[in-house]
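# Remarks on the overall topology
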Amino acid sequence: MVDFDAGYVDEPFAGLCRDYPGAAVYPPHDFRVEWGPVFHRGRLDGRARILLLGQDPGPHEAIARRILVGEAGQRVQGFLAKLGIQRSYVMVNAFLYSVYGQQGGEHHVADPGIASYRNRWLDALLAGGDVGAVVAFGHLADAAWRAWRDTPAGEASSVTYVHLTHPTQPDAVSRGDQARFAAAMKAMLAEWNQGLAVLAPVVGGADAPVDPEPYGTTLTAADHATIPAGDLPAGLPVWMGGLTTWADRTGTTAALKRATIAVTVPPEARP
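Residues numbered from 1 in each chain as written. Predicted model: local features only at pLDDT ≥ 70, side-chain atom pairs only at ≥ 80, totals over all residues. Heavy atoms only, no water.

## Brief notes about the nonpolar core
Residues Leu 51, Phe 95, Trp 121 and Leu 126 are the most contacted members of the largest nonpolar core, which totals 34 residues. Elements supplying a minimum of two residues to this core: helix H1 (13-18), strand S2 (50-54), strand S3 (89-93), helix H5 (112-126), strand S4 (133-137) and helix H6 (139-149). Here the element with the most residues in this core is H5; it accounts for six residues. In this view, Phe 95 contacts Tyr 26, Phe 31, Gln 55, Asp 56, Pro 57, Gly 105, His 108, Val 109, Ile 114 and Leu 140; residues no more than four positions away in its chain are not counted. If you look at the next biggest cluster of nonpolar residues, it comprises 28 residues, including Ile 50, Phe 79, Val 162 and Leu 189. (Core = buried A, V, L, I, M, F, W, Y, C linked by side-chain atoms within 4.5 Å. Buried < 20%, exposed > 50% of the residue type's maximum accessible area, 1.4 Å probe, protein only. Helix = DSSP H or I, 4+ residues; strand = E, 2+ residues; numbered from the N terminus. Contact = heavy atoms within 4.5 Å.)

## Considering the packing of aromatic side chains
In this structure the tally under the stated criterion is 16 aromatic pairs. Taking 5.2 Å as the distance between ring centres and 55 degrees as the angle between the ring planes, the aromatic pair formed by Phe 31 and Phe 95 counts as tilted. With Phe 31 in the loop between H1 and strand S1 (40-42) and Phe 95 in the loop between S3 and helix H4 (104-108), this pair connects stretches of sequence that are 64 residues apart. Accessibility expressed as a relative area gives 1% for Phe 95, which makes it buried. (Phe/Tyr/Trp six-rings, centres within 6.5 Å; stacked < 30°, edge-to-face > 60°.)

## Describing the packing of H5 against H6
It is the contact of H5 with H6, at a shortest axis distance of 10 Å, that shows an interaxial angle of 75 degrees. It follows that H5 is roughly perpendicular to H6 by the angle criterion. Across the interface between the two elements, Arg 118, Asn 119, Leu 122, Asp 123 and Leu 126 of H5 pack against Ala 144, Trp 145, Ala 147 and Trp 148 of H6. Class assignment of the residues belonging to the contact of H5 with H6 gives a composition of six nonpolar, one polar and two charged. (Axes fitted to C-alpha atoms, helices over the stretch in contact; angles between N-to-C directions. Parallel < 35°, antiparallel > 145°, perpendicular 65-115°, else oblique. Nonpolar A, V, L, I, M, F, W, Y, C, P; charged D, E, K, R; others polar.)

Shown next, in the form of structure tokens:
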């Protein structure tokens, strides 16, 4: 028996998935709108204890139709595991579509059309549920959260909030420089340990015992976790939640690379 996410069958989420902004709100020169919106990952039934805010979907997410399933998602899944949270979470992004170009997200995180739709998701996830804490990974996610906190619903919220470095920030800033990568990773994990200390008394142990072992100075294989099949749409192969990279943008020109995602079945999953 393989578990799966039944999708957006109940309101208000079914309505949110019918009525979402397109290219008129998300400019195609800054967002890959042609790949469609990717809405969430995790529990929509009110049982989530923690809400995670990411930035935008990447190639893995475009194929799997759930956010945070690639490298960033596996690092976040490991972070949740340290809190003893295996299922009681929900995740949304600052943007529905993948950002195109370095500054696309910077230019649009506060756009009224983008913010108002995003706030409808946050309203739905935080109203009357069990969410006790929110984590924003990255400065754009932090900006999205702060915009919601300026709304009447946000002003009334008393959830614990933690802003942490985005899980792939060390990779992005190092540009292949191993010394710079090591320093950035060490700083990020020290910050993540501080975040765990704040979050554990509030939501820790929701599904399993809290892991008392803090992060070290670099990520290990044990600090990653696979994406549960119960987070993915029905019929997706189990390897799409695994730790092997299986999707990448390819092309000899910028236009072809934008239009192409190569999906490769990992060797361990081939018959």
